Structure formats: structure tokens, C-alpha cells
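The chain contents come next:
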Amino acid sequence: MDAIGVLMVCPMNTYLEQELDKRFNLLRYWTQPRQHEFLTQHAESIRAVVGNASAGADAKLIESLPKLEIVSSFSVGMDKIDLNKCKERGIRVTNTPDVLTDDVADLAIGLMLAVLRRICACDKYVRSGGWKSGDFKLTTKFSGKTVGIIGLGRIGLAIAKRAEGFDCPISYYSRSEKPNTNYKYHKSVVELASNCDILVVACALTPETTHIVNREVINALGPKGVLINIGRGPHVDEAELVSALVEGRLGGAGLDVFEKEPEVPEQLFDLDNVVLLPHVGSATVETRKAMADLVVGNLEAHFANKPLLTPVV
Amino acid sequence: MAAATHENQTSNLPLLLLHRSPKYNLSFFPFLHTKYTVLDPHAAPPHPSFATLSKSARLMLCVGPSTLTSDDLDQYPAVECVVGSSAGLNHFDLAACRRRGILVTSAGDSFSDDVADYAVGLAIDVLRRVSAGHRFVRAGSWPGHEGYMLGSKVSGKRVGIVGLGSIGSRVAKRLESFGCSVSYNSRKKKSHVSYPYYDNVVDLSSNSDILIVCCALTDETYHVIGKDVMTALGKNGIIVNVGRGALIDENELVKMLVRGEIGGAGLDVFEHEPHVPEELFTLDNVVLSPHQAVLTPGSFAALEELVRGNLEAFFLKKPLRAEVGLD
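Residues numbered from 1 in each chain as written. Chains lettered and ligands numbered in written order. Predicted model: local features only at pLDDT ≥ 70, side-chain atom pairs only at ≥ 80, totals over all residues. Heavy atoms only, no water.

*Asks:* Lay out the domain arrangement of chain A with the relevant residues and their values.
*Replies:* Residue and element names in this part refer to chain A. Split by domain assignment, chain A resolves into domain 1 (5-97 + 285-303) and domain 2 (101-276). Between the C-alpha centres of domain 1 and domain 2 there is a distance of 32 Å. Between domain 1 and domain 2 lies a buried interface of about 460 Å² when both sides are counted; carbon and sulfur atoms form 47% of it. Three residues stand out in domain 1 for area buried against domain 2, namely Asp-79, Pro-97 and Thr-287, and they jointly supply 66% of the buried area on that side. Linking domain 1 to domain 2 there are one salt bridge. In this structure, Asp-79 and Arg-232 form a salt bridge, with 3.0 Å as the shortest nitrogen-oxygen distance. Where domain 1 touches domain 2, the interface holds two residue pairs in polar contact (both at pLDDT 80 or more). Here the residues of the side of domain 1 that touches domain 2 are counted per class, giving three nonpolar, two polar and one charged. (Domains from an automatic or database assignment. Buried area = accessible area lost by both parts, 1.4 Å probe. Salt bridge = Lys/Arg side-chain N within 4 Å of Asp/Glu carboxyl O. Polar contact = N/O pair within 3.5 Å; in protein donor to acceptor, adjacent residues only side chain to side chain. Nonpolar A, V, L, I, M, F, W, Y, C, P; charged D, E, K, R; others polar.)

Structure, rendered in C-alpha cells:
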């Protein structure tokens, strides 16, 4: 398969690069100073694109690659891939579901604890020598708080299961009520936010879910409520979130994703009730290896005319 | 006005002796003054009859982890019961209480949920680099460095719990919901739990990725986490301490963290609080916290209820809750 051109659009994982290098003609798009010429030069050999949560395959890229057969994404979300275009052209699309579910759910709980118990603020307090001059303030209990989940898919369910270990009642919003759970269903996000202490975004990003957390939802969550976003930045109206946090209309936030990554609103930097992470929901050694193996496995299956492991389109 | 109130209470209300370090104030227990004649050695102004009344007080409330020694008890010969309000017991001279036939109670499990939550929070933070990632973003370092360092998975890890009491069993329950496997060490095997038991901490540590220290500090558990235990845990293993600082040989811990001989640590307690070894300040695989695990208003509400109940039970000759076995 080493004549097959595989275009990797941005750096994502060293192990993945090694494994692709072994099998294919791996082309590193981000290292090319003249990307347009580079594409033209390799247009006839590139039959696969590998992208991730920050860069995938938009219509323009797809159009410039006439021999493209498959887009294998090193992510579960596909918001950076033009799925309609892929369908039109008969281009297959794969993602890396399931393998990152546990990590994202673990991090969601970690963010809840870090925000409510002020763990990052405590760490900063000790490192700066603050403890010697007095005790830190009281923090907020986590066990028993009501957790409201937007999107009860794989990741949402994994968060629910963990939060139950802390005796947290679970409620959720999704397009329709799920038949196989005892969790409390709310038919709107505002209703969910009004009836929970911690609201966590765990749905896919689509045009319908863009800014699903808006001013009204944030106000319903209120000055004691906490927002956790481990989904995608555009799920939340970030300007509204920032003003609510700065004005104290929202109790706190734990954010792994942002609207314009890697840009993070600086007004959030000094708030003790906010925890900011650089999109590390699936960033563990174990999971990145499993994701890389799925990307490689899907490409191998495709070019061997075998069934794809995790097809989307 | 204050003095008049004191006189009034003296005539009607039972005596309650406070024992506290001056840094622990009593704002958490406003109910005390309506039910008892409170004798507080650090009160300002002092109770006019403190010297005489304190000799006849039968009940003492020990505030937080204030040290209570045999010499302290010598000053208060009539004390029959010490109601404690701390999760640990190492600040009490329990032998002195036993010799005098004094009953002792602790905070029981009032703090257990909060401490267990915090232990899990520290473990996730260390493994997933939450505090380090937060620092990275706040420092403005993200743009241009999109490949932030990878953390380590929490789900599915082997968790070893040192001390499976009310806190340890709550930690176990929480981490089971993450798909972690749990084993433990304690003085003796618990008949009612199914987790694998190790009769020594080195064996537990050899078979764990995350070691959570939440036993009581006693003469036997002083430095129970020494170099041998940490070597057994290895360079990918992490330690979380929500018990007491002196459960770990802190010098060894610092050395091994600096040399990368263990994978990381989440520490809420230290050997010489509030002193924290500065070598730890630059490490990203370490999370430091100012003995904070118990401090939420929810915990204090539970503690207040427990203390209130025990004070009432003493005078009514009813059974005490969270009584400490002194044999």
C-alpha cells in the first residue's frame, strides 16, 4: 500500500505518524509552505485524508482531491468534515467512537470536582505561598448535586454512570426521551438548566446544537450553577458565558473547549471559579494509541476492500 | 450586656467546656450559646467564673484538630466526655482519656463524602493534568503549542486504598463507577467487602496504579508510605494523600517525585503544615492543596448535627454517635 498517498492535515500524534509512514506514503500537509501547489502536485496520488477535531476535510479540500476515497478522522466529532460533500462524491468517512468515551467522561467529572472544590485555585494558592498567611476559603460539596446532561449518547451515559457513584441525581435533555433509562427527561435545555446544579454539554455539534447554551440557559442555571463543556466550543455562546461569569450570574465553569481555539477569553484567566483546559478530553497516552490504531485499521480495511471498522458515511 | 447574658446562662444552662486552639473559632456552632453555659478559655471578655466553673464541667467540646493532652485534662478534673469535631484522632491523647475513663467521640462520617470526593478529584487532576493544563492555558501558552502533553487514563486503573474506613470505602465506591478495580490494606481484612485484601502496603502498592492514603494517623501508621512502598508503586504510579501528612515519609516522596521515580502525587496534607516542600512547586505531575478536603458547608451542617446530638445525648445519658473505641 506504500504508493497510496495519505494526507495528514495537521499534527496530532507521533505514534499515528509512525504507523502511517510504515504502510502508506504519508504526506504532512502542515509542513508545506505552499499548500496549494503541494495539493496540485499530489492530487493524483492522495486517496485518503486524516484529520482530527481541529482540522478535517472541508468542501474546498475535498474538491481539490479528485482521487479521494476516504476521510479517516482521529476524533469522534465530525464537525470539521463536510459530510454532505463526502456522500455526494461517495467518499467514505470514519471516526474513533467509543475508545475516547471513558476519557471524556472522566475529564467531565474531574472538571466538576475541580470547579466545585476549587482544586486548581487551591493548587495555585499553595504554589504561590498563600497558605502560610491564612486558610483557603470554604468550597462547595459535589456529592449529591443534580447533574443535567445535554445529549445522552455514549459520552453522556458514561458521565451519568460516574456521577451516580457520587450519589448525584441525573437528568438530561435530548431530542427525544430515551426509553431505557430512569434518568429524568426535560423537554428543553432551559428547563433542564433550571432544575440542575451542574449542566454538562455532551452532544454532537450540529447546526441545531450550535449555541445550545445561550444567555437564557445560562441565566436559568444561575449564580450557584456550574457549566461543564467537554463537547465543542460552539455549543456555548462564549461571549454570553464570559459576561455571565464576570458579572457573577453563573456560579462557575469548567471548559475543555472554546469557540476559537486556541484562543481563550482572557477575562476568564483570573477567576477562581473557572477551570480552563486546552482541549484534552481524549488526551491520554492509552486512548490516543487506541484512536491511532482505529485510524490505521480503517485505512487498511478500506484499501484491502474489507468492511470498515467504524464507518460514519 | 455580654456579662449579663453570661450570668443569666450560668444559672440555667448546663456547663460546656470548650477546648480549642485560638485559630479555630466557633462561628460554625451558633446554637451552643442558647443551650449551654459555654466556658471558652479564649473568650474575650473571659467568663467571670471560668476558673471555678471549669473545674466542675463534665462535658468538653474539642474544636477541630486542637491538640488535647494529658496536661490539659489535668486542669479539668470533672470532665467525663470529650465530644470531638475532627475526622482524625491523632490530636487526642487517647491513652490519657482511657486512664481517666473519659468517653471520646469524633466527627464520624460527617466529612467522609467530601474527603472521598476530593481524593477522586485529586487523582483525576494528577492523571489528566487538570491543574497543569489550567496553568498552561492561563499563562497564554496554548497558541503555538497545540499538542499539549498527554495525560494518563483514569478509567480501568487499579486503585489501592490504604485504610478502608468510612472515607476509604466511599473512595472505592466512587472509583468503581469509573470502571477501576479496587483492592485495599487495613489492620485486618474486612469480612463484609469483596475487594481483594493485602496484609501489607508494599504488596498493595505493587498491584496498584493509584494509591489512595486515607487511614488514621497512629503510631503504627506513621510513615506507612515509605521508600519501599513508593518503589513498589513505580514510575507510572501515583499517590493521593487525604489522610495526614505524616502517613507519608515526605522527604522520600519529594526525592522520588523530583527524580521521576514515581508518576505523580495529589497531596491535601503535609508533614509540617502549612509548610510545603518547595521542590514540588515546579512539578506538573503534582497537585498541592491546603488541607482542604473536608471544608464545605455541607460537611459542616452534618458535623453540627452530630455534635449537637452528642452534647444532648451526654446529658440525657443516651448512646453517643461516632464514639471512639479506647481499648
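*Asks:* Explain the packing of helix 5 (residues 101-116) of chain A against helix 6 (residues 112-128) of chain B to me, using residue names and the numbers behind them.
*Replies:* Orientation of helix 5 of chain A relative to helix 6 of chain B, taken along the N-to-C sense of each, is 125 degrees, at an axis distance of 9 Å. Compared by their axis directions, helix 5 of chain A and helix 6 of chain B come out oblique. In the packing of helix 5 of chain A onto helix 6 of chain B, the handedness of the crossing is left-handed. The residues of helix 6 of chain B that touch helix 5 of chain A, namely those facing Asp-103, Asp-106, Leu-107, Ile-109, Gly-110 and Leu-113 of chain A, are Asp-117, Val-120, Gly-121, Ile-124 and Arg-128 of chain B. Considering only residue class, the contact of helix 5 of chain A with helix 6 of chain B consists of five nonpolar, two polar and four charged. (Axes fitted to C-alpha atoms, helices over the stretch in contact; angles between N-to-C directions. Helix = DSSP H or I, 4+ residues; strand = E, 2+ residues; numbered from the N terminus. Parallel < 35°, antiparallel > 145°, perpendicular 65-115°, else oblique. Left-handed = near helix turned anticlockwise from the far one by under 90°. Contact = heavy atoms within 4.5 Å.)

*Asks:* Let's hear about the interface of chain B and chain A: which residues, and what values?
*Replies:* Between chain B and chain A, the residue contacts involve 61 residues of the former and 55 residues of the latter. Buried area between chain B and chain A, summed over both chains or domains, comes out near 4,900 Å², and the portion from carbon and sulfur atoms is 61%. It is Arg-128, Arg-138 and Trp-142 of chain B in chain B that bury the most area against chain A; as a group they hold 16% of the surface buried on that side. Inspection of the chain B/chain A interface yields eight salt bridges. Here Lys-141 of chain A and Asp-114 of chain B are joined by a salt bridge, their closest N and O atoms 3.2 Å apart. Put simply, chain B and chain A have 29 residue pairs in polar contact (both at pLDDT 80 or more) between them. Put simply, the parts of the chain that give the side of chain B that touches chain A at least two residues each are helix 6, helix 7 (130-138), helix 8 (166-176), strand 11 (286-288) and helix 12 (297-316) of chain B. Per-element accounting of the side of chain B that touches chain A gives the leading share, ten residues, to helix 6 of chain B. For the side of chain B that touches chain A, the class distribution of residues is 28 nonpolar, 18 polar and 15 charged.

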